[in-house]
Amino acid sequence: MPKFSRQFSSLPPYALADVPKIKAELIGQGVDVIDLGAGDADQMPPPQTIAAIQQAVTEERMSRYPFQRGLPEFRVKIAEWMKRRFGIEPDPFEEVLPLIGTKEGIAHLPLLYVDPGDAAIIPDPGYYPYFGGTHMLGADVVQVPLRREKSYLLDWNEVPKSKLKKAKLLYLNYPNNPTGGVATDEYYQEAIEFCRQHDLLLINDNAYSEIAFDGYRPPSVLQGEGARDVAVEYHSLSKTFNMTGWRIGWVVGQKEAVQALTKVKVYYDTGVFLACQAAGVASLEAWAEFVPKQIAIFQERRDAAVEAFREAGFDVDVPKATLYLWIPIPSGEPSVDFARRILLESGVVLFPGTGMGKGGEGFIRVALTVPAERLREAARRVAEVL
Ligand SMILES: Cc1ncc(COP(=O)(O)O)c(C=O)c1O
């Protein structure tokens, strides 16, 4: 067999690689495992969404190749939703592109810009495709730490000048996975200015825009002045509508970037299943009615988990958005060791911070993906181990 490529061989190992095996063994021994690892909630999509896909799969036209243009109604619905939610009016056919989940689109975007040796600036910790998509192309990936004392806002002043010269992309992700950090309009405006000044494409991952608490409504970077000249933003139906497995999202913003991604994806895939796009239309139509219920569920869980993990002795910040608590490990143990010990001794799966980059060392992430009572039970068990 040929040797694997340098870029593939230098991908870091997956921090949770042995968790499914340990979990299966524990379940086999009769342990009641509570999995707070992945951001994959235990809820159903809106009933209208399910009805829409049931109908769509009976239509012959929905079984055809979608191609990148896809279902025009979905593009139009996305543009309408962007207007309703953020007050911006993208052209549905020029400035919007449906994706097979945002992860796919995030990972493919660097193909448009990165030659070996170019740099890309990403948050650390950060969602995997920021690293994977740029690293695989031979980019110099500049991982900027997200610091608690800076409210987890990526500070581009921490990028060394020498790297900045070679940089083409700046990734932001607010509301942030895993830290729960959120961005203000002012922060986004500064990011826009910075990217304009240094000729960078600003990429904001807004997958958690709708999962926000206490009345807080996360903004879009595209609301900023001049944003549409320098920025694209990713949106997903995964978290908003409990559709993680359906694989559907979109990118919106800077026209040449969206057009170029459309072109490059012709070489990689043939678009999002049309019936799923029809379901996406139904989800966006259900948005105003559905999202408050989602928020109520996750806010109750957040409050229960914050209280329970505080009682268990952890120093927990209250996140304004996302599905996660991001908690410092009190013992100072490496996060992978801590998460493994907790799993083996208590049957609770926690996500080790380094699973999303070395900047996550010293933290664990708790996903609010099970009912409040299970979150309390998990915290009790963790407390016992400690
Ligand atoms: C920051 C962030 N962006 C995007 C996604 C994934 O979205 P999708 O399911 O649309 O690929 C996730 C999922 O965990 C995420 O945490």
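If you're wondering where the values come from, they're calculated on a predicted model, not measured in any experiment.

Reading the values: rules and limits
Residues numbered from 1 in each chain as written. Predicted model: local features only at pLDDT ≥ 70, side-chain atom pairs only at ≥ 80, totals over all residues. Helix = DSSP H or I, 4+ residues; strand = E, 2+ residues; numbered from the N terminus. Rg over C-alpha atoms; globule rule 2.2 N^0.38 Å. Buried ≥ 20, exposed ≤ 12 C-beta atoms within 10 Å, placed from the backbone. Contact = placed C-beta atoms within 7 Å. Near = placed C-beta within 6 Å. Nonpolar A, V, L, I, M, F, W, Y, C, P; charged D, E, K, R; others polar. Core = buried A, V, L, I, M, F, W, Y, C linked by C-beta atoms within 7 Å. Domains from an automatic or database assignment. Pairing = 2+ DSSP bridges.

K.L.:
Any chance you could break down the overall build of the protein chain for me, citing the residues and the numbers?
P.N.:
Across its full length, the protein chain holds 13 helices and 12 strands. Taken against the 2.2 N^0.38 rule, which gives 21 Å for 386 residues, the C-alpha radius of gyration of the protein chain at 21 Å falls within 12% of a compact globule. Dimensions along the principal axes, computed over C-alpha positions, put the protein chain at roughly 55 × 55 × 55 Å. Within the span of the protein chain, comprising 386 residues, buried residues form 49% of the whole. Expressed as a percentage of contacts within the protein chain between residues at least 6 apart in sequence, the contacts between residues at least 24 apart total 73%.

K.L.:
Before we move on, could you go through the site of the ligand and cite the residues and values that matter?
P.N.:
Around the ligand there are 13 residues in total, and Gly-101, Lys-103, Ala-207, Ser-236 and Ser-238 lie nearest to it. Here the residues of the shell around the ligand sort into 2 nonpolar, 9 polar and 2 charged.

K.L.:
Tell me about the nonpolar core, and name the residues and values.
P.N.:
Of all hydrophobic cores here, the largest spans 115 residues; its most connected members are Ala-120, Ile-121, Leu-202, Phe-309 and Val-366. With 14 residues, helix 11 (residues 274-311) is the single largest residue contributor to this core. The two domains that each donate at least three residues to this core are domain 1 (6-44 + 288-385) and domain 2 (47-287). For Val-366, the contacting residues outside a window of four places in its chain are Leu-36, Ala-305, Phe-309, Tyr-324, Leu-325, Ile-327 and Leu-350.

K.L.:
Please set out the sheet that holds strand 11 (residues 351-352) residue by residue, giving values where relevant.
P.N.:
Strand order in the open sheet made by the 3 strands is 9-12-11, with antiparallel pairing throughout. Here the strands that pair on one side only, and so sit at the sheet edges, are strand 9 (324-328) and strand 11. With 5 bridges connecting them, strand 9 and strand 12 (residues 363-367) associate as antiparallel partners. Across the sheet, residue Ile-327 finds its bridge partner in strand 12, namely Ile-364.

K.L.:
Give a detailed account of unusual backbone geometry, specifying residues and quantitative values.
P.N.:
Cis geometry marks the peptide bond from Asp-124 to Pro-125; its omega dihedral reads 5°. Its identity is not glycine, yet Asn-242 carries a phi of approximately 55°, on the positive side. By the secondary structure assignment, Asn-242 is in the loop between strand 7 (231-236) and strand 8 (249-253). Of note in this structure, Arg-247 is not a glycine but carries a positive phi near 60°. In this structure, Arg-247 sits in the loop between strand 7 and strand 8.

K.L.:
Provide a residue-level description of the domain arrangement of the protein chain, including the pertinent values.
P.N.:
For interface size, the figure often reported is the accessible area lost on association. Domain assignment breaks the protein chain into domain 1 (6-44 + 288-385) and domain 2 (47-287). Spacing between the C-alpha centres of domain 1 and domain 2 amounts to 25 Å. If you look at the interface, domain 1 gives 31 residues, while domain 2 gives 32 residues. Going through the elements one at a time, helix 11 and strand 9 are the ones with two or more residues in the side of domain 1 that touches domain 2. If you tally residues by element for the side of domain 1 that touches domain 2, the top one is helix 11, at 9 residues. Across the side of domain 1 that touches domain 2, the residue classes break down as 14 nonpolar, 10 polar and 7 charged.

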